[in-house]
Amino acid sequence: MTKHARHTSTPGRRRRLAWPALAAGVVGTIAIAASMGASLSGLTATITNSTNTAASASMAITETSGSSTCKSYDTTATCADINKYGGTGTPLTPGGSQSTKVTFNNVGQVAVGTSTLTPAACTASSTGATGSSTPTTPNTSAGNLCSVLQVKIYQSASASGTPIYTGSAAGLTSAISLGKLAAGASQDYTFVVSLPADATTAVQGQSVSQALTWSFNQ
């Protein structure tokens with residue numbers, strides 16, 4: 001019985017067989033990866049909101065009297081153009097009076113929930129005119145015009161109805177609550193100052209000054 005010779009592979013032959021197999025494997029892997037990528041991709045849609053804005057509202061009040069205007073939102077917030085006591089151009093004589101009307105307008109977007117009028121202390125001084133007298137202290141004394149000059153404040157366009165304040169300029173010391181003012185709305189006030197008929201020479205030739213601050217809150 002004859003024995004068949006056993007075939008043995010040489011190292012060179014094994015390398016020649018391995019490279020085609022490896023190349024085929026790599027090509028197959030690439031093909032599978034490509035097919036997976038194609039199956040995972042799809043349609044897309046995009047929306048971009050390019051304008052997203054917000055703004056803060058403002059509270060803005062103007063005060064007008066005749067041709068003069070003061071504004072809460074610029075350099076006229078401290079304003080000497082509107083004199084609610086009428087000024088010193090026409091001095092009062094005993095029994096005389098003068099009135100001034102002012103209008104507040106809410107020109108902002110915010111309604112005023114509360115508002116107040118806060119007075120500073122009244123001060124009197126001599127005008128230097130012939131026969132003038134030096135104000136005596138304190139400003140509540142009979143020889144001081146602050147205690148003699150009468151002030152009435154009306155929350156209306158004329159001196160009608162019940163005033164929200166009536167008394168001497170010296171007595172105007174406490175804040176006065178004024179109420180609400182809707183956006184776009186307006187409110188009139190009328191100031192009347194008078195020198196009583198029985199005013200004496202003790203206050204002649206004097207003038208008074210009193211700052212008034214209006215505050216508006218949401």
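So, how was this worked out
Residues numbered from 1 in each chain as written. Predicted model: local features only at pLDDT ≥ 70, side-chain atom pairs only at ≥ 80, totals over all residues. Heavy atoms only, no water. Phe/Tyr/Trp six-rings, centres within 6.5 Å; stacked < 30°, edge-to-face > 60°. Helix = DSSP H or I, 4+ residues; strand = E, 2+ residues; numbered from the N terminus. Buried < 20%, exposed > 50% of the residue type's maximum accessible area, 1.4 Å probe, protein only. Contact = heavy atoms within 4.5 Å. Core = buried A, V, L, I, M, F, W, Y, C linked by side-chain atoms within 4.5 Å. Disulfide = S-S within 2.5 Å.

1. Things to note about the packing of aromatic side chains
Scanning the entire structure with this criterion turns up five aromatic pairs. Taken together, a centroid distance of 4.4 Å and an interplanar angle of 45 degrees make the contact between Phe-104 and Trp-214 tilted. Of this pair, Phe-104 sits in strand 3 (residues 97-106) while Trp-214 sits in strand 11 (residues 212-217), and the two are 110 residues apart along the sequence. Neither residue differs from the other here; Phe-104 and Trp-214 are each classed as buried. Plain terms: the ring middles of Tyr-189 and Trp-214 are 5.0 Å apart, the flat faces sit at 55 degrees to each other, and that makes the pair tilted. Pair noted here: Tyr-189 is in strand 9 (residues 186-194) and Trp-214 is in strand 11, with a separation of 25 residues, a long-range link. Counting every residue linked through ring pairs, the aromatic cluster contains Phe-104, Tyr-189, Phe-191, Trp-214 and Phe-216.

2. Thoughts on the side chain of Thr-100
Position of Thr-100 relative to the elements: it lies in strand 3. Beyond its immediate sequence surroundings of up to four residues, Thr-100 is in contact with Ser-65, Asn-83, Lys-84, Gly-86, Tyr-189, Thr-190 and Phe-191.

3. Brief notes about the nonpolar core
Among the nonpolar cores identified, the biggest contains 32 residues, and Tyr-85, Leu-117, Ile-153, Phe-191 and Trp-214 are the most heavily contacted of them. Mapped by element, the contributors of at least two residues to this core are strand 3, helix 2 (145-148), strand 6 (150-154), strand 9 and strand 11.

4. As for the state of the cysteines
This model, assessed by the stated rule, comprises two disulfides. Each sulfur of the disulfide joining Cys-70 and Cys-79 lies 1.9 Å from the other. Because the sign of the S-S torsion sets the handedness, a value of about -55 degrees for the bond joining Cys-70 and Cys-79 places this disulfide among the left-handed ones. A relative accessible area of 6% places Cys-70 in the buried class. The partner cysteine of Cys-122 in its disulfide is Cys-146, sulfur to sulfur 2.1 Å. The sign of the S-S torsion, about -80 degrees, decides the handedness of the disulfide formed by Cys-122 and Cys-146: left-handed. Placement of the pair is Cys-122 in the loop between strand 4 (114-119) and strand 5 (123-126) and Cys-146 in helix 2, with a sequence separation of 24 residues. Summarising the burial analysis for this pair, Cys-122 and Cys-146 share the class buried.

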